[in-house]
Amino acid sequence: MSENKLLKRWEVEESLTWDLTRLYAVPEYFEKELKSFLPKSEKIQQKYDGKLESSDTILMCLEEYESLLKKVSKAGTYSFLASSVDETDEKNQQRLAKAQMIFSKVMGNLSFIESELKEKPEEILQEAMGKTEKYRVVLEDILRSKPYKLHREVEKTLAFFDPVLEAPYQIYNQAKLADLSFPNFIVEGKEYPLSFVLFENEYQMDPNEKIRREAFQSFSKELRKYRNTMAATYQTKLQQEKILSDQRGHENIFEYLLFDQKVDRSLYDRQIDLIMEELAPHMRRYAKLLQQEHGLEKMTYGDLKISLDPEYDPKVTIEESKGYIKGALSILGEDYLNVVMRSYDERWVDFAQNVGKSTGGFCAGIYDYNPYILLSWSGLMSEVFTLVHELGHAAHSMLAAEEVSLLEMDVSMYFVEAPSTINELFLTNYLVKKSEDPRFKRWVLSSMIANTYYHNFVTHLLEATYQREVYKLIDQGDSVHANTLDKLKKQALKDFWGDAVELSEGAELTWMRQPHYYDGLYPYTYSAGLTVATAVNQRILKEGEPAVKDWLDVLKSGGTMDPVGLAKLAGVDITTDKPLKDTIAYIGTMVDEIERLTEEIHEK
Ligand SMILES: [Zn+2]
């Protein structure tokens, strides 16, 4: 959609927007509350800094900290949400900037809690844990990280250096978003504008082979100009992680990077090894099918994002989406469904498309309040998948908040996408079962493969495969440069796609496209959450009620368990190969079905 057709935010119909008055009736109330945070945090500091001597004092302090944090996060999310729907609104931007400034001061004032607790003898922390379940996880985390703590003054200095340590990511983003500029490209005498976003969101899916391939070439040519800058920036980040890992006394860089995810190396390696080996044949088959359907002489790397049936794109209204959501999620029972359906009645979702609204979709949970979901509703069926995904996050945060404290809400990165992607699977199950039309069925299944599984199990997994090789080098004291990175990325792609896909020149530069590498071992977690989701989805389809009950218990547990514990509660043992092997086999059966439906469509 071109910018000039878009409405201004104030022109958008109210029913398409989310209702932020549920947080503050008017912005003035927000302003007023914002002013109270600093003095409150100073009060906590005066009262407890250097005085966390007994278990009772520790618990009282955590209680006051949590209660302030609830308000601070609510205000923070409010200002973020308000600005995300209209980044051209200066008032909102000012509010956000002001809120951020106050929060960083508040968090600075309260940072003594963590550092002081880490210095306490284990017995006192154990004693506090014995007195209430409420802060068990927080205190356990403190105990876990105790051995890796540096001297208090060093930690403080490191905290001051935080913005500097963030520099590699900032520099990467500047290069990518500000400096890279792509000249127009020409196909059959017609000129096409090119940008990072245009390439990734449009041209790489373009059904016209010439446009797609020319765009890929022009895109790669420009990207290549920055490879040394980006490699040096990335190397700085890696070096930083290696130094911190060594200084804190971790056994190796993998252990250091997996520490916060609360999983061990075997879970990490399993995702990469098994997917590379067992998923590859199925995805090569899918690539072959794309090649056939599009009549391509050869399948190249730049063709992988095209859809199987580009002319077919079912439309759906917001009102109709309700029926789909209800139909898909009723399997989870009335309580779950009630939470989800409130999102329509209470306007949790911002559907509008307007100037200055941020792209993509997200869900932001707010403790003690309802979550909010940002979408840009285009009226296409694929939007229902995004909605059902975000509603999965929303329901997770609502159900967990009823049972656990704010300080126990954070779930390991390994697990976080399970409650959302499982809902995409329920929607798939529902749509396929309901329809008799082979073309529609094929569209549903291939969307699941081309979007959900491709994104989580291929794109990000191939990042993870490459990244593991990079970290192996770094861990043994080597450094990486543009040539090394090109080589490692190309190898990962080659290992996965084999002869099924030709790696066109420029494919090796894929490492330059993702900001994920600035987040440690993040890429592999996409496949981890979806593995749990697939295993639980299969279990629910097979066993019904008892499996649903277990899953709801998992959602209510929030972050009170590690990923192994959460998955176990859902009846899935992620310390074995089984769930992942089953998931890969399931993807295989989906590809089989897509092949069968394709034949059926052609016979007609
Ligand atoms: Zn998500």
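Look above for the structure.
Residues numbered from 1 in each chain as written. Predicted model: local features only at pLDDT ≥ 70, side-chain atom pairs only at ≥ 80, totals over all residues. Heavy atoms only, no water.

(A) Local environment of the overall build of the protein. Within the protein, the secondary structure is distributed over 24 helices and 5 strands. Considered along the principal axes of its C-alpha atoms, the protein spans approximately 75 × 55 × 50 Å. Contacts in the protein between residues at least 24 apart in sequence constitute 77% of all its contacts with a sequence separation of at least 6. For the protein, the exposed surface amounts to about 27600 Å²; the carbon and sulfur share of it is 50%. For the protein, the distance from the average site of its 74 positive side-chain charges to the average site of its 100 negative ones is 2 Å. (Helix = DSSP H or I, 4+ residues; strand = E, 2+ residues; numbered from the N terminus. Contact = heavy atoms within 4.5 Å. Areas by Shrake-Rupley, 256 points an atom, 1.4 Å probe, with all protein chains shown as cover. Lys, Arg positive; Asp, Glu negative; His and termini not counted. Charge placed at Lys NZ, Arg CZ, Asp CG, Glu CD.)

(B) Looking closely at a negative patch on the surface. Residues Glu-334, Asp-335, Glu-402 and Glu-403 make up a contiguous surface patch of negative charge. Elements supplying a minimum of two residues to the negative patch: α16 (334-345) and α17 (382-403). In this fold, Glu-334 is placed in helix α16. Among the residues examined, Glu-334 registers a relative accessible area of 63% and is labelled exposed. (Patch = residues over 30% accessible without salt bridge, like charges linked within 9 Å, V, L, I, M, F, W, Y side chains within 5 Å. Salt bridge = Lys/Arg side-chain N within 4 Å of Asp/Glu carboxyl O. Buried < 20%, exposed > 50% of the residue type's maximum accessible area, 1.4 Å probe, protein only.)

(C) Expanded view of the coordination of the zinc ion. The protein atoms donating to the zinc ion are His-389 (NE2), His-393 (NE2), Glu-417 (OE) and Glu-417 (OE), with metal-donor distances spanning 2.1 to 2.7 Å. Around the zinc ion sit 4 donor atoms; with metal-centred angles ranging over 51 to 141 degrees, the donor geometry is irregular. Coordination of the zinc ion draws on donor residues from a single chain, spaced H-x3-H-x23-E in sequence. Linking His-393 in helix α17 with Glu-417 in the loop between α17 and α18 (418-434), this pair joins segments that are 24 residues apart in sequence. (Donors = N, O, S within 2.8 Å, 3.2 Å for Na, K, Ca; no water. Tetrahedral: all angles 85-135°; square planar, octahedral: opposite > 155°, others 65-115°.)

(D) Inspection of the packing of aromatic side chains at higher detail. Following the criterion strictly, the structure yields 33 aromatic pairs and no others. Ring centres 6.4 Å apart and planes at 25 degrees place the aromatic pair Tyr-454 and Trp-497 in the stacked group. In this pair, Tyr-454 sits in helix α19 (residues 438-475) while Trp-497 sits in helix α20 (residues 482-497), placing the two residues 43 residues apart along the sequence. Trp-497 carries the same exposure label as Tyr-454, and that label is buried. The rings of Tyr-169, Tyr-172, Tyr-234, Tyr-466, Tyr-517 and Tyr-518 are connected pair by pair, giving a single aromatic cluster. A cation sits over an aromatic face here: Arg-265 above Phe-254, 3.9 Å from the ring centre. (Phe/Tyr/Trp six-rings, centres within 6.5 Å; stacked < 30°, edge-to-face > 60°. Lys NZ or Arg CZ within 6 Å of the ring centre and 35° of its normal.)

(E) Representation of the pattern of salt bridges in the model. In this structure the tally under the stated criterion is 50 salt bridges. A salt bridge links Arg-136 to Glu-133, with the nearest nitrogen and oxygen atoms 2.7 Å apart. A salt bridge links Lys-242 to Asp-475; the shortest N-O distance between them is 3.3 Å. Taken together, the residues span a long stretch of sequence, with Lys-242 in helix α12 (residues 227-248) and Asp-475 in helix α19 at a distance of 233 residues. Using a relative accessible area of 22% as the deciding quantity, one classes Asp-475 as partly exposed.

(F) Examining the sheet that holds strand β3 (residues 349-350) more closely. Pairing in this open sheet of 3 strands is mixed, and the strands run β3-β5-β4 from one edge to the other. Edge positions in the sheet fall to β3 and β4 (362-364), since each of these pairs with one other strand and no more. The sheet contact formed by β3 and strand β5 (residues 372-374) spans 2 bridges and is parallel. Pairing of Asp-350 across the sheet is with Leu-374, part of β5. Along the sheet, helix α2 (residues 55-84) contacts β4 and β5; its crossing angle with β4, the most-contacted strand, is approximately 150 degrees. (Pairing = 2+ DSSP bridges. Axes fitted to C-alpha atoms, helices over the stretch in contact; angles between N-to-C directions.)

(G) Focus on the nonpolar core. Of all hydrophobic cores here, the largest spans 148 residues; its most connected members are Ile-325, Leu-329, Tyr-453, Trp-497 and Trp-551. Top contributing element to this core by residue count: α19, with 17 residues. Beyond its immediate chain neighbours, meaning those up to four positions away, Ile-325 contacts Leu-337, Val-340, Met-341, Tyr-344, Val-384, Leu-387, Val-388 and Leu-391. By size, the runner-up hydrophobic cluster in this structure holds 50 residues, among which are Trp-18, Met-129, Tyr-372 and Ala-400. (Core = buried A, V, L, I, M, F, W, Y, C linked by side-chain atoms within 4.5 Å.)

(H) Layout of the environment of Tyr-324. In this structure, Tyr-324 sits in helix α15 (residues 318-329). When the C-alpha positions of Tyr-324 and Val-388 are compared, they lie 9.1 Å apart, and in sequence the two are 64 residues distant. Each residue touching Tyr-324, except ones within four places of it in the same chain, is listed here: Val-316, Met-381, Val-384, Leu-427, Tyr-430, Leu-431 and Lys-434.

(I) Representation of α18 within the structure. Taking 1.5 Å of rise per residue, 17 residues should cover 24 Å, and α18 covers 24 Å from first to last C-alpha, within 8% of that figure. Counting buried positions along α18 yields 13 of 17 residues, so the element is predominantly enclosed. (Expected span 1.5 Å × (residues − 1).)

(J) Summary view of the packing of α15 against α17. Here α15 crosses α17 at 55 degrees, and the two axes come no closer than 11 Å. Compared by their axis directions, α15 and α17 come out oblique. When the axes of α15 and α17 are compared, the crossing they make is right-handed. Where α15 approaches α17, its residues Ser-321, Tyr-324, Ile-325 and Leu-329 are matched on the opposing element by Val-384, Leu-387, Val-388 and Leu-391. Looking at the contact of α15 with α17, its residues break down into 7 nonpolar, 1 polar and no charged. (Parallel < 35°, antiparallel > 145°, perpendicular 65-115°, else oblique. Left-handed = near helix turned anticlockwise from the far one by under 90°. Nonpolar A, V, L, I, M, F, W, Y, C, P; charged D, E, K, R; others polar.)

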